[in-house]
Amino acid sequence: MTVFFHYSLYGSSNVFLVANDATGEAIIVDPADFNVNLLNFIEKKKFDIKTVFMTHNHPHHSKGLSTLLRIYSAKVFSSNAMLNETPCSIVHDGDEFETCGLSVNVLSVPGHSADSVVYKVGKLLFTGDTIQAGLIGKTLSKYGHSLLKDQLSLKVLSQAEDCIILPGHGPPTTVGAEKLFNIGFKKTKAESRSDRYELFL
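None of the values given here were measured: they were computed from a predicted structure.

Focus on the environment of His145
For step 1, the next point in the chain: For His145, the location among the structural elements is in helix α4 (residues 142–155).
For step 2, the next point in the chain: Between the C-alpha atom of His145 and that of Gly111, which follows or precedes it by 34 residues, the distance is 6.2 Å.
For step 3, the next point in the chain: Residues in contact with His145, not counting those within four places in the same chain, are Ile136, Thr139 and Gly184.

Right under this line is the structure:
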C-alpha cells in the first residue's frame, strides 16, 4: 500500500490517494477540487480508481466528486445516502469491509458535522475535519465541541500511538503526538473551575 497526497487550493484541503501496489486499484479520500493536475497524476501512474471515501459533506472536501465520477466508475462510501446528487454506500460506526484489496474500519466521530466519519486503513486514519495537527475540528456549539472531544478520545486517541493521522487540512501527525500536544483537549479555565466546584458537592 502506498499513499499519495494532493493539495487542493480550493479550501486549502488535502486529497489522499491510497493505492494497492499489487493491483493498481486505488481509493480517493475527499476529492475536494478534482483538477487536471490530479487527473494527470492518476493517469501517469495508471491507477484504477475503484473507491471514494467521503469523510463529511462540506463543499471543500466534496466539490470534485461529480467530476471524478464522470471519469472513473468508483463506488462512493459516505455516512450520507446522497452526496452532491450522487448515491452513496452508507457506512456506520464500527463497519468493517474490504475494498481495493485493503481492509477498512469506519469510526463515526460527530461534532464538527453530524455526518463526520474517520476511515482506518491499516495504521492510517483519514480524519477529515475532526482532528488535525494540534487542533480539533470547529464546531457550532459548546455541545458540539464537547461531543467531538468525547468521540475523538473514545475512537481516535484510543488507537495505537503510532497510528498516522491524515487530516483534511494541514500536515500528518500521529495519535501519540495528539495525545500529548493537541490544544483542543486542554481544559478551559471555566471547565477547570467547574471541576473544582464539583469536588465540594
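Observations concerning the pattern of salt bridges
For step 1, the next point in the chain: The final tally for this structure, using the stated rule, is four salt bridges.
For step 2, the next point in the chain: Among the salt bridges present, the one from Asp48 reaches Lys50, with a minimum N-O distance of 3.5 Å.
For step 3, the next point in the chain: Assessed through its relative accessible area of 34%, Asp48 is described here as partly exposed.
For step 4, the next point in the chain: The partner of Asp93 in a salt bridge is Lys155, with the nearest N and O atoms 3.3 Å apart. Here the residue Asp93 occupies a position in the loop between β8 (89–90) and β9 (96–99), and Lys155 occupies one in helix α4, the gap between them amounting to 62 residues.
For step 5, the next point in the chain: The exposure class assigned to Asp93 is partly exposed, which follows from its relative accessible area of 42%.

Some thoughts on the sheet that holds strand β16 (residues 173–174)
For step 1, the next point in the chain: Strand order in this open sheet of six strands is β9-β10-β11-β12-β15-β16, and the pairing throughout is mixed. Strand pairing shows two members of the sheet lacking a second neighbour, β9 and β16, which therefore form its edges.
For step 2, the next point in the chain: Of the strand pairs in this sheet, strand β10 (residues 102–108) and strand β11 (residues 117–121) are connected by five bridges, and their pairing is antiparallel. Looking at the pairing, Val106 lines up with Tyr119 of β11.

About the cut-offs
- Residues numbered from 1 in each chain as written.
- Predicted model: local features only at pLDDT ≥ 70, side-chain atom pairs only at ≥ 80, totals over all residues.
- Heavy atoms only, no water.
- Helix = DSSP H or I, 4+ residues; strand = E, 2+ residues; numbered from the N terminus.
- Contact = heavy atoms within 4.5 Å.
- Salt bridge = Lys/Arg side-chain N within 4 Å of Asp/Glu carboxyl O.
- Buried < 20%, exposed > 50% of the residue type's maximum accessible area, 1.4 Å probe, protein only.
- Pairing = 2+ DSSP bridges.

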